[in-house]
Amino acid sequence: MKEIVVGIDFSKSSILAFQYSLKIATATGADIKLVYVSKKRDTDSTLVKNEEGVEESVEGSFNNLIQKYQKEIKGKISYKIHQGKIYEEIANQAKYTDAEMIITGAHGMSGFEEFWVGNNANKIIGYSEKPVLTIKKSY
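Note that the structure is predicted; figures quoted are calculated from it, not measured. (Residues numbered from 1 in each chain as written. Predicted model: local features only at pLDDT ≥ 70, side-chain atom pairs only at ≥ 80, totals over all residues. Heavy atoms only, no water.)

## With respect to the nonpolar core
No. 1: Formed by 24 residues in total, the largest nonpolar core has its most connected members in Ile-8, Phe-10, Phe-18, Ile-32, Leu-34, Leu-65 and Ile-77.
No. 2: Counting residues per element, the ones that place at least two in this core are strand E1 (3–7), helix H1 (12–28), strand E2 (31–38), helix H2 (58–69) and strand E6 (99–105).
No. 3: Excluding residues within four positions of it along the chain, Leu-34 makes contact with Val-6, Ile-8, Phe-18, Phe-62, Leu-65, Ile-77, Ser-78, Tyr-79 and Lys-80.
No. 4: Counting residues in hydrophobic clusters, the runner-up holds 10 residues, among them Val-35, Ile-86, Ala-94 and Ile-102. (Core = buried A, V, L, I, M, F, W, Y, C linked by side-chain atoms within 4.5 Å. Buried < 20%, exposed > 50% of the residue type's maximum accessible area, 1.4 Å probe, protein only. Helix = DSSP H or I, 4+ residues; strand = E, 2+ residues; numbered from the N terminus. Contact = heavy atoms within 4.5 Å.)

Right, here's the structure in full:
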């Protein structure tokens, strides 16, 4: 396996999806590509809550995740910020790269519910040519 695409919005379920991808990447030697999709034009100013609940830029959140978890796998963890429809951008990231699967949270809960809740995980499954693993946040 060369690469795993992980849809992430920094919600608890998307962080859990990322943690599952770490386990699979460790077992297979795959790289991980974290993908965030924004509808806003200026993604640099978009703020999200990190694992500690502190608001920071999307790029800052990615850099913190990479710094914290890179040592856990042999492969590389990188990120991509897209604009557009979440399901299309995540599926296309996998389609047009060496990715062999997509892992995504089933529900976003970080203030981005309007973008993630409900149908986006299902739409990714329907739109993608690659296998999709959805992770539901534990209650």
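## Things to note about the packing of aromatic side chains
No. 1: Evaluation of the coordinates by the stated rule reveals five aromatic pairs.
No. 2: On the basis of an interplanar angle of 10 degrees and a centroid distance of 4.5 Å, the ring pair of Phe-62 and Tyr-79 is categorised as stacked. With a gap of 17 residues between them, Phe-62 in helix H2 and Tyr-79 in strand E5 (residues 77–83) connect regions that are remote in the sequence.
No. 3: Residue class for Tyr-79 comes out partly exposed when judged on its relative accessible area of 25%.
No. 4: With a centroid separation of 5.4 Å and 85 degrees between ring planes, the pair formed by Tyr-87 and Tyr-127 is classed as edge-to-face. One end of the pair, Tyr-87, is in helix H3 (residues 86–95); the other, Tyr-127, is in helix H5 (residues 119–127), with 40 residues separating them in the sequence.
No. 5: Overall, the relative accessible area of 16% leaves Tyr-87 in the buried class.
No. 6: The structure contains a cluster of three or more aromatic residues connected by ring pairs, namely Phe-10, Tyr-36, Phe-62 and Tyr-79. (Phe/Tyr/Trp six-rings, centres within 6.5 Å; stacked < 30°, edge-to-face > 60°.)

## So, the pairing of E6
No. 1: For E6, the tally of buried residues reaches six of seven residues, placing the bulk of the element in the interior.
No. 2: Of the pairings in the sheet, the one linking E1 to E6 comprises five bridges and is parallel in character. By the bridge assignment for E6, Gly-7 is matched with Thr-104.
No. 3: The pairing of E6 with strand E7 (residues 132–135) spans four bridges and is classified as parallel. Each residue of the ladder has a partner; that of Thr-104, found in E7, is Thr-134. (Pairing = 2+ DSSP bridges.)

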